[in-house]
Structure formats: structure tokens, C-alpha cells
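As a plain string of letters, each chain reads:
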Amino acid sequence: SWGYGYLFGKPVRMPTASTAATIGLTFAGMVVLQDTRGRLMGYKENAKEVKLYGAHPEQPVLMGVHDPRFPVATGRASASTKPPLDWTKYD
């Protein structure tokens, strides 16, 4: 992407090339991060890694999505750190 910015940034070639390279590297980093996160969290296919390294013995319990607009909490916080709400005090 630096070459693209250099070729098409005629009046100010070097700043345009540096900006294009920065934008390109940022986008590439975001794509790699999303792909890796998706594979590690199980949202994308990772059969190649499972075949190579094997599955972890402790697998998460799969929960169905009822409505994607209103996700259901999975209970990761304990009652000691996040007590349940008491709705009786509200009128």
C-alpha cells in the first residue's frame, strides 16, 4: 500500500505513501485479529488446528441463541461479585 500511495500522491508523495502504508497495516492487523479470534473462540472453522494439535479436553457447553438482538447472559460473574438485582424496591 506504500507504493500505491506513492504513485497516486503526486503533490506530496511521501506523506501520502506513509499514510497509505499506515492505513494498510492497520487494516491487515484488524483482519488477522478478527480471523484469529474467530478461530480460537470457535466461531470459524478450525479443523486444521484441531487435527494438528488436538482438541482441549475441557470444551465449553454450547448454548443456542434465542434472539440475536437480546442475548442471554451466560453467568460468567458469580453472585459474590455481581449480586442479582432486587426489583422490589422500584415502584
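Above this text is the structure in question.
The structure displayed is predicted, hence computed values, not measured ones. (Residues numbered from 1 in each chain as written. Predicted model: local features only at pLDDT ≥ 70, side-chain atom pairs only at ≥ 80, totals over all residues. Heavy atoms only, no water.)

(A) Spotlight on a nonpolar patch on the surface. On the surface, Trp2, Tyr4, Tyr6, Leu7, Phe8 and Met14 cluster together to form a nonpolar patch covering roughly 730 Å² of accessible area. In terms of residue count, helix 1 (residues 2-8) provides more of the nonpolar patch than any other element does, five residues in total. If you trace the backbone, methionine 14 turns up in helix 2 (residues 13-41). Take methionine 14: its relative accessible area is 48%, and that puts it in the partly exposed class. (Patch = residues over 30% accessible without salt bridge, like charges linked within 9 Å, V, L, I, M, F, W, Y side chains within 5 Å. Areas by Shrake-Rupley, 256 points an atom, 1.4 Å probe, with all protein chains shown as cover. Salt bridge = Lys/Arg side-chain N within 4 Å of Asp/Glu carboxyl O. Helix = DSSP H or I, 4+ residues; strand = E, 2+ residues; numbered from the N terminus. Buried < 20%, exposed > 50% of the residue type's maximum accessible area, 1.4 Å probe, protein only.)

(B) Structural context of the packing of aromatic side chains. The tally for this structure, following the rule as stated, stands at zero aromatic pairs. The ring of tyrosine 6 is capped by arginine 13, whose NZ or CZ atom sits 5.2 Å from the centre of that ring. (Phe/Tyr/Trp six-rings, centres within 6.5 Å; stacked < 30°, edge-to-face > 60°. Lys NZ or Arg CZ within 6 Å of the ring centre and 35° of its normal.)

(C) Local environment of the environment of glycine 3. Along the polypeptide, glycine 3 turns up in helix 1. Taking relative accessible area as the criterion, glycine 3 reaches 35% and is therefore assigned partly exposed. Sequence-wise, glycine 3 and arginine 13 are 10 residues apart; in three dimensions their C-alpha atoms are separated by 9.7 Å.

(D) A look at helix 2. A rise of 1.5 Å per residue sets the reference length of helix 2, with its 29 residues, at 42 Å; its end C-alpha atoms lie 42 Å apart and thus fit the reference within 8%. Buried within helix 2 are the following residues: Ala17, Ala20, Ala21 and Gly38. Structurally, helix 2 contributes buried residues whose contacts are with helix 1. Count one or two residues on from helix 2 and you reach glycine 42, which has phi positive near 90°. (Expected span 1.5 Å × (residues − 1). Contact = heavy atoms within 4.5 Å.)

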